[in-house]
Amino acid sequence: MTQQGGGNITEPLLPSRHLSDMVHGEERTPLVNQSDIEEGRTTQAQYGSSSSMRTSTSGAKLPKDTSKRNSMFKKRVRYYVPSTAWIPDYSVSLLGGDLLAGVTLAAMLIPQSVSYGTSLAKLSPTTGLFAAAIPPIMYSLLGTSRQLNVAPEAALSLLVGQAVSDYRRGDHHTRPEDADAIGIAVGLFASMLGFFRLGFLDVVLSRALLRGFVTAIAVVITVEQLIPMFGLVALENQMNPESTLDKIVFLLEYSWSDYHKPTMLVSFGALLVLIFMRIFKGYFRRTWWIERLPEVLLVVVLSTIISGYLRWDEKGVGILGKIPISTGGHFFSFPLKQSISYIRGTTSTAVLITIMGFLDSTVAAKQNADRFGYSISPNRELVALGAANLFGSFVPGTLPAFGSIVRSKINGDVGARTQLASLVTAGITLLATFFLLPYLYYLPRCVLASIICLFVISLFSEVPHDLIYYWRIGAWTDLAMMFLTFSLSVIWNVEIGIIVSLIISLLLVIKRSSHTRMIILGRIPGTHQWGPIADNPGAEDVPGILIIRIRESLDFANTAQLKERLRRLELYGPERTHPSEEPRRQPASTLVFHMADVETCDASAVQIFHELLETYQNRGVELFVTHLRSGPRKMFERAGIEELLGSEAFFATLGDAMTSIGQQ
């Protein structure tokens, strides 16, 4: 057999055959029963069983069995619409955990969504609440993850807020409904990615790039929330700092001299209470009601009551006030009522939100799938998330919504085992939007900023570990990508940071894929085996003969530099050397290609390989090919390579080729 890794290479064994075939020295055709040759029986191979087509005694074909087609249709529906599978088969034993998880998540999500809508998206609180209530309904019907909670995200809401702020700087008036243009674009992009089966794109972005982006998002959000926590909103509107770096300078300059004392005391006091309650809960993990205590909801309720009783608004503390729930006259309406210029201006933001939201959702879905023992489909997840955002955009004033790693983990921890938990959360959030918002009239806005800061703290938790890890293993490229993404996002804006880093990441992928993996083979001393000379210091490199093993399939990308790479191996060997140095090897008079690992070869690669062989042939180099598979061999025959080299240049094994060369 042929070893596919980087180890030694032995002669290939004969294919395994039946014992009687080996005795007689030939392969035999399997026996075929006479009954299997009758008319209509051959369709069994196509349909899997004889039940899909019936044959009468006279050989006439009867109509196909419609029951199998109906069964196949039901399987397809259950696959593409998961709710048709879990709703009919729902077990009452799961109801308690799903209800508890839905209520717990709603208690955390309601104040969080209000914060995202006002503080990050710069829009109405209802934009966040609708995003936490409407898209999850559609995702619960189409999504494959049972614990994924779809709702507005901090980073994505911040991107919406930046788009809204840029639009306002152009002297335009924005409304909560303007978020629908971004929402419908996000839904369309996500659905298209899933429809064209591009769910594999999550492998393009490295973990280092994502870590740099998430850390930058944490810094940006923290800076954005520190301004209202110090009571500097009015001064910020006057100074109008644009980038995050400008806002950091603004905070350093004015936070110690122009802060509003009551606002600062309320906001930082609420943050300390939240941190204390979260730490306090950690000591009572065995007491379920303390562990599941919604500290965020408690702080919101208590601060609203105290603010109304002490009339903090009269002391200059900004409050939520009256929130009109406006959906444009109808709860559902066609989303594309915005100006074309606004839609065009937010397209790049929508693409960025789609990419980041999908990556975060995919990580969360995969973690829960591994944890609870089921599988998910990234392509169906894209379609489900796209449909969820499209459905949400039909409700005026709805932010884009995607899954969250933190919320989904909490959802599973509390007891969610089906998508019903998300439906319960959505229902409670929708009721709170219409019936509880008036009771939050005196809720201090700085408390909402404190809530966001609490959630941002978790984004910093893994940064030291990743930095130490990359430093210890010497991953300088990953460290550079992390710092580049972070720096660009903070100095300019988040959109520039992720786009530039994404382009660099794609270029690195293209660069690595454009280098054909090849090794030089030599004879292992004292054996008839051949192995890489780089891994076997004693391997005998036959003078004048260069044996190249191509380690992957050939395509238009990795063969573009095949000639240059072969030339470097011929003159310098496997060691990395600068082209300015003197050659370390003599030019080869014989070149042998070991192609056992080449499974496929596209048209461009065959054309380039043909030109390469012609170049070596014009130099007078003898050319041989071994271990060529049937698929590439057909391509070589059609392209004229076999005619160019002659059939005597092709050998089944490397040993046969070297024996022939030795005889010559």
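The preceding data block contains the structure.
Below is a summary of the structure that appears in this document. (Residues numbered from 1 in each chain as written. Predicted model: local features only at pLDDT ≥ 70, side-chain atom pairs only at ≥ 80, totals over all residues. Heavy atoms only, no water.)

## A few points about helix H22 (residues 463-473)
Counted only if it meets this: Accessible area is worked out with a 1.4 Å probe on protein chains only. A residue is then buried under 20% of its type maximum, exposed over 50%, and partly exposed in between. Put simply, DSSP H or I for four residues or longer makes a helix, DSSP E for two residues or longer makes a strand, and each gets a number counted from the N terminus. Taking the helix axis as origin, the arc is that swept by the directions to the C-beta atoms.
Taken as a whole, H22 has its buried residues at Val463, Asp466 and Tyr470. Down the axis of H22, the sector holding all buried residues measures 70 degrees, keeping them to one side. Of the exposed residues in H22, the ones pointing more than 90 degrees away from its buried face are His465, Ile468, Trp471 and Arg472. The first or second residue beyond H22 is Gly474, which carries a positive phi of 70 degrees.

## Some thoughts on unusual backbone geometry
With a phi close to 60 degrees, Lys122 is a non-glycine residue in the positive phi region. Locating Lys122 in the fold gives a position in the loop between helix H5 (95-120) and helix H6 (125-133). Phi is positive for Asn240, which is not a glycine, with a value near 55 degrees. Mapped onto the elements of the fold, Asn240 is located in the loop between helix H11 (233-239) and helix H12 (244-254).

## Topic: a nonpolar patch on the surface
To be explicit about the condition: Patches in this entry comprise residues that are over 30% relatively accessible and not in a salt bridge; like charges within 9 Å are linked, as are nonpolar side chains (Val, Leu, Ile, Met, Phe, Trp, Tyr) within 5 Å. Only the protein chains shown count as cover for residues, with accessible areas throughout obtained via the Shrake-Rupley method and a probe of 1.4 Å. Here, a salt bridge means any Lys or Arg side-chain nitrogen found within 4 Å of an Asp or Glu carboxyl oxygen.
Judged by side-chain polarity, Leu245, Val249, Ile491, Trp492, Ile496 and Val500 come together as a nonpolar surface patch covering roughly 500 Å² of accessible area. Those elements that provide at least two residues to the nonpolar patch are H12 and helix H24 (494-513). Residue position: Val500 is located in helix H24.

## A look at the environment of Ile355
Within the secondary structure, Ile355 sits in helix H17 (residues 347-372). Residue Ile355 is classed as partly exposed on the basis of its relative accessible area, which comes to 27%. Taking the C-alpha atoms as reference points, Ile355 and Ala190, separated by 165 residues in sequence, lie 8.2 Å from one another.

## As for the side chain of Gln112
For clarity, the threshold we go by: Here, two residues are considered to be in contact whenever any of their heavy atoms come within 4.5 Å of each other.
Checked against the element boundaries, Gln112 lands in helix H5. Take Gln112: its relative accessible area is 3%, and that puts it in the buried class. Beyond its immediate chain neighbours, meaning those up to four positions away, Gln112 contacts Arg407 and Phe455.

## Notes on the side chain of Ser157
By the element assignment, Ser157 lies in helix H8 (residues 154-169). For Ser157, the contacting residues outside a window of four places in its chain are Tyr116, Leu120, Ala121, Pro152 and Leu399.

## Some points on the pattern of salt bridges
Applying the stated criterion to the full structure yields 16 salt bridges. The closest approach of N and O atoms between Asp313 and Arg311, which form a salt bridge, is 3.3 Å. Given a relative accessible area of 26%, Asp313 falls into the partly exposed group. For Arg311, a relative accessible area of 31% corresponds to the partly exposed category. Connected through shared salt-bridge partners, Lys122, Glu224 and Lys247 make up one network.

## As for the packing of helix H15 (residues 295-310) against helix H21 (residues 445-457)
Going by this rule: Between N-to-C directions, angles span 0 to 180 degrees; the directions come from axes that are lines fitted to C-alpha atoms, helices contributing only their stretch in contact. Note that the term roughly parallel is reserved for angles under 35 degrees, roughly antiparallel for angles over 145, roughly perpendicular for angles of 65 to 115, and oblique for everything else. Put simply, a crossing is left-handed when the front helix is turned counterclockwise from the back one by less than a right angle, and right-handed when it is turned clockwise. Each residue is assigned to one of three groups, with Ala, Val, Leu, Ile, Met, Phe, Trp, Tyr, Cys and Pro labelled nonpolar, Asp, Glu, Lys and Arg labelled charged, and all others, Gly among them, labelled polar.
As a packed pair, H15 and H21 sit with axes 11 Å apart at the nearest point and diverge in direction by 165 degrees. Relative to H21, the element H15 is oriented roughly antiparallel. Viewed along their axes, H15 and H21 form a crossing whose handedness is right-handed. Along the contact surface, H15 presents Val296, Val299, Val300 and Ser303, while H21 presents Val447, Ile451, Leu454 and Phe455. Here the contact of H15 with H21 is composed, by residue class, of seven nonpolar, one polar and no charged.

## Observations concerning the sheet that holds strand S4 (residues 530-532)
In a beta sheet, neighbouring strands pair by backbone hydrogen bonds and run either parallel or antiparallel. Put simply, the rule reads: In short, DSSP must find at least two bridges between two strands for them to pair.
Strand order in the open sheet made by the six strands is S4-S3-S5-S6-S7-S8, with mixed pairing throughout. Both outer strands of the open sheet, S4 and strand S8 (650-651), are each paired with one neighbouring strand and no more. The sheet contact formed by strand S3 (residues 518-523) and S4 spans three bridges and is antiparallel. Paired with Arg523 across the two strands is Trp530, which belongs to S4.

## Notes on the packing of aromatic side chains
Ring pairs (aromatic) are described by centroid distance and by the angle formed between their planes. Threshold: Centre distance within 6.5 Å is the pairing criterion for rings of Phe, Tyr and Trp, where only the six-membered ring of Trp is used; planes under 30 degrees apart are then read as stacked, over 60 as edge-to-face, and the remainder as tilted.
Evaluation of the coordinates by the stated rule reveals 13 aromatic pairs. Centroid distance Phe593 to Phe609: 5.2 Å. Interplanar angle 70 degrees. Geometry classified as edge-to-face. Pair noted here: Phe593 is in strand S6 (residues 590-594) and Phe609 is in helix H26 (residues 603-618), with a separation of 16 residues, a long-range link. Accessibility expressed as a relative area gives 1% for Phe593, which makes it buried. Residue Phe609 is classed as buried on the basis of its relative accessible area of 0%. Ring geometry for Phe624 against Phe651: centres 6.1 Å apart, planes inclined by 45 degrees, an arrangement best described as tilted.

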